[in-house]
Amino acid sequence: MRKRLPDTLLITDDMQMQGLQKALGTREASLQSLKAGMDMLCIGNNLFDQEQEMAKIAEYIAEGLREGTLSGSAIEKSIARVGRRKALLTA
């Protein structure tokens, strides 16, 4: 999808949907979504302890960046796409 729509802001559905939970879990589903070119992740359907769970997800993604399994340049492009959309809202 990213190749077909290079400038489109891509946002996931909830990373805590039951099917994803059974197949991958929130952390791995989040990492795989970012690797696939998603710009934003929706997480929050089933978070009981949000701060701890979100910290674990953020650390897992940071680990992916450190290890090179997740492209830093791709994340920078995602941040830029999000920034451009935010700018449209404040214009």
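Look above for the structure.
Fair warning: this is a prediction, and the values are worked out from it, not measured in the lab.

Rules of the game
- Residues numbered from 1 in each chain as written.
- Predicted model: local features only at pLDDT ≥ 70, side-chain atom pairs only at ≥ 80, totals over all residues.
- Heavy atoms only, no water.
- Helix = DSSP H or I, 4+ residues; strand = E, 2+ residues; numbered from the N terminus.
- Expected span 1.5 Å × (residues − 1).
- Buried < 20%, exposed > 50% of the residue type's maximum accessible area, 1.4 Å probe, protein only.
- Arc of directions from axis to C-beta.
- Contact = heavy atoms within 4.5 Å.
- Salt bridge = Lys/Arg side-chain N within 4 Å of Asp/Glu carboxyl O.
- Core = buried A, V, L, I, M, F, W, Y, C linked by side-chain atoms within 4.5 Å.

Q: What am I meant to see in helix H3 (residues 50–67) here?
A: Since the α-helix packs 3.6 residues into each turn, any two residues three or four apart lie on the same face. Spanning 18 residues, H3 covers 26 Å between terminal C-alpha atoms, matching the ideal 26 Å at 1.5 Å per step. For H3, the complete set of buried residues consists of Ile 57, Ile 61 and Gly 64. In an axial view of H3, the angular spread of the buried residues amounts to 50°, which keeps them on one side of the axis. In H3, the exposed positions angled more than 90 degrees off the buried face are occupied by Glu 51, Arg 66 and Glu 67. Taken together, the buried residues of H3 touch helix H2 (26–35) and strand E2 (40–42). Gly 68 occupies a position one or two residues after H3 and carries a positive phi of about 85°.

Q: Can you help me understand the pattern of salt bridges in this one?
A: Working definition: two side chains of opposite charge can pair if their charged atoms are close together. Inspection of the entire model under this criterion finds three salt bridges. Here Asp 39 ties to Arg 2 by a salt bridge, and the two come within 2.7 Å at their closest N and O atoms. With Asp 39 in the loop between H2 and E2 and Arg 2 in the segment before strand E1 (11–14), this pair connects stretches of sequence that are 37 residues apart. In this structure Asp 39 comes out as buried when scored by relative accessible area, which is 9%. A salt bridge links Asp 39 to Arg 81; the shortest N-O distance between them is 2.7 Å. With a gap of 42 residues between them, Asp 39 in the loop between H2 and E2 and Arg 81 in helix H4 (residues 72–90) connect regions that are remote in the sequence. Accessibility assignment for this pair places Asp 39 and Arg 81 in one class, buried.

Q: What is the right way to read the nonpolar core from this model?
A: The tendency in soluble globular proteins is for nonpolar side chains to be buried as a group. Among the nonpolar cores identified, the biggest contains six residues, and these are Leu 31, Leu 34, Ile 57, Ile 61, Leu 70 and Ile 75. Among the secondary structure elements, those contributing two or more residues to this core are H2 and H3. Setting aside residues no more than four positions away along its own chain, Leu 31 makes contact with Tyr 60, Ile 61, Gly 64 and Leu 70.

Q: For this particular structure, what's the right way to read H4?
A: With 19 residues, H4 extends 27 Å from end C-alpha to end C-alpha; this agrees with the ideal 27 Å at 1.5 Å per step. Looking only at H4, the buried set comprises Ile 75, Ser 78, Arg 81 and Val 82. Projected down its long axis, H4 shows its buried positions confined to an angular sector of 120°, all on one face. Exposed and facing more than 90 degrees away from the buried side of H4 are Glu 76, Lys 77, Leu 88 and Thr 90. Its buried side turned inward, H4 meets H2, E2 and H3.

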